[in-house]
Amino acid sequence: MPRKIPKYAQLEHERRFLITQAPELSGVAFRLIEDLYIIGSRLRLRKITLGDGRDIQFKLCKKYPSDDRLSVPIVNTYLTADEHAVLSELPGRNIRKRRYSILSSAKSLSLDVFEGQLSGLILCEVEAASVAELESQVFPDWVRREVTDDPFFTGGNLAGIDARVLVAKLSSLYDRSV
């Protein structure tokens, strides 16, 4: 029996891909995303800053377990800067990335270029209004290796690894594709 969608949650339909060679990004607008994955929970505290540093958003997110690999129940709550500051004191693991929005086949792809301990990792995400729309998406040539089903590439897991673990995982994937 499929899991029940929690009250107030929405289904997020999403696919993720590992990118080995990103397209040219100079001049492409980005948002800086700083996530805190709160230890002992499924909560993610997020700060989003536009590339020019002027506009900042804060939110608290929870993704629920799902039996469907492409659809996950999610709840977001928008916060004030003061609320974010209070919650950012909770113990957690951090991720920092630049998110670029790239248009492809009249659909927007999010290209996440990670920083810090995850430097060198680039993931592409695409969201859609339905699973059917998500599955019919046509991707550019540089989008090749899907990792939607690989729990290694979820934010909560990535927040807990270091560069050595990341390099080992990427090496094992590249070795298998040769």
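Positionally, Asp150 belongs in the loop between strand 9 (145-146) and helix 3 (155-158). What makes Asp150 buried here is its relative accessible area of 18%. Among the polar contacts listed, one links the side chain of Asp150 to the backbone nitrogen of Phe152, at a separation of 2.9 Å. For Asp150, the side chain forms a polar contact with the side chain of Lys169, separated by 3.0 Å.

For Tyr8, which is not glycine, the phi dihedral falls at a positive 75 degrees. Relative to the helices and strands, Tyr8 resides in the segment before strand 1 (10-18). On the basis of relative accessible area, Tyr8 is assigned to the exposed category, the value being 67%.

Quick look at the pairing of strand 8 (residues 122-128) now. Counted residue by residue, strand 8 has 6 buried out of 7 residues, so it is predominantly covered. Summarising the sheet, strand 1 and strand 8 pair through 6 bridges and their orientation is antiparallel. Residue pairing in the sheet places Glu14 in a bridge with Glu127 of strand 8.

Right, let's get into the pairing of strand 5 (residues 71-79). Strand direction decides the pairing type here: strand 1 and strand 5, joined by 4 bridges, are antiparallel. Residue pairing in the sheet places Glu12 in a bridge with Val72 of strand 5.

Here we come to the nonpolar core. In this structure, Leu18, Leu121, Leu123, Phe153 and Leu158 are the most contacted members of the largest nonpolar core, which totals 16 residues. If you tally residues by element for this core, the top one is helix 4 (residues 163-177), at 3 residues. For Phe153, the residues in contact, after removing those within four places along its chain, are Arg16, Leu18, Leu121, Leu123, Val147, Leu158, Lys169, Leu170 and Leu173. One finds Ile102, Leu111, Ile122 and Leu134 within the second-largest nonpolar core, a separate group that totals 15 residues.

Right, let's talk about the pattern of salt bridges for a bit. Where charged atoms from two side chains of opposite charge approach closely, those side chains can pair. Enumeration according to the criterion identifies 15 salt bridges in this entry. The partner of Glu12 in a salt bridge is Lys63, and the shortest N-O contact between them spans 3.1 Å. Pair noted here: Glu12 is in strand 1 and Lys63 is in strand 4 (residues 56-63), with a separation of 51 residues, a long-range link. The class of Glu12 is buried, set by a relative accessible area of 14%. The closest approach of N and O atoms between Asp150 and Lys169, which form a salt bridge, is 3.0 Å. Placement of Asp150 in the loop between strand 9 and helix 3 and of Lys169 in helix 4 is noted, with a sequence separation of 19 residues between them. Of the two residues, Asp150 and Lys169, neither departs from the other in class, the shared state being buried.

How each quantity is defined
Residues take numbers from 1 onward in each chain, read along the sequence in its written order. Local features in a predicted model are, by the rule used here, given only for residues with pLDDT of at least 70; side-chain atom pairs are given and counted only at 80 or more, and totals for whole chains, interfaces and linings are based on all residues. The side-chain numbers reported here are obtained from all heavy atoms of the structure, hydrogens and water having been left aside. Secondary structure follows DSSP: runs of H or I at least 4 residues long count as helices, runs of E at least 2 residues long count as strands, and numbering of each begins at the N terminus. Whether a residue is buried, partly exposed or exposed follows from its accessible area with a 1.4 Å probe, protein chains only, as a fraction of its type maximum: under 20%, in between, or over 50%, in that order. Any pair of N or O atoms that falls within 3.5 Å is considered a polar contact. Within protein, one atom must be able to donate a hydrogen and the other to accept it, and sequence-neighbouring residues count only if both atoms are side-chain atoms. Only when DSSP finds a minimum of two bridges between them are two strands counted as paired. What we call a nonpolar core is a set of buried Ala, Val, Leu, Ile, Met, Phe, Trp, Tyr and Cys residues that are connected through their side-chain atoms within 4.5 Å. A contact between two residues is defined here by any heavy atoms of the two lying within 4.5 Å. Salt bridge, as used here: a side-chain nitrogen of Lys or Arg that lies within 4 Å of a carboxyl oxygen of Asp or Glu.

Note that all results are geometric; they support no functional claim without further evidence.
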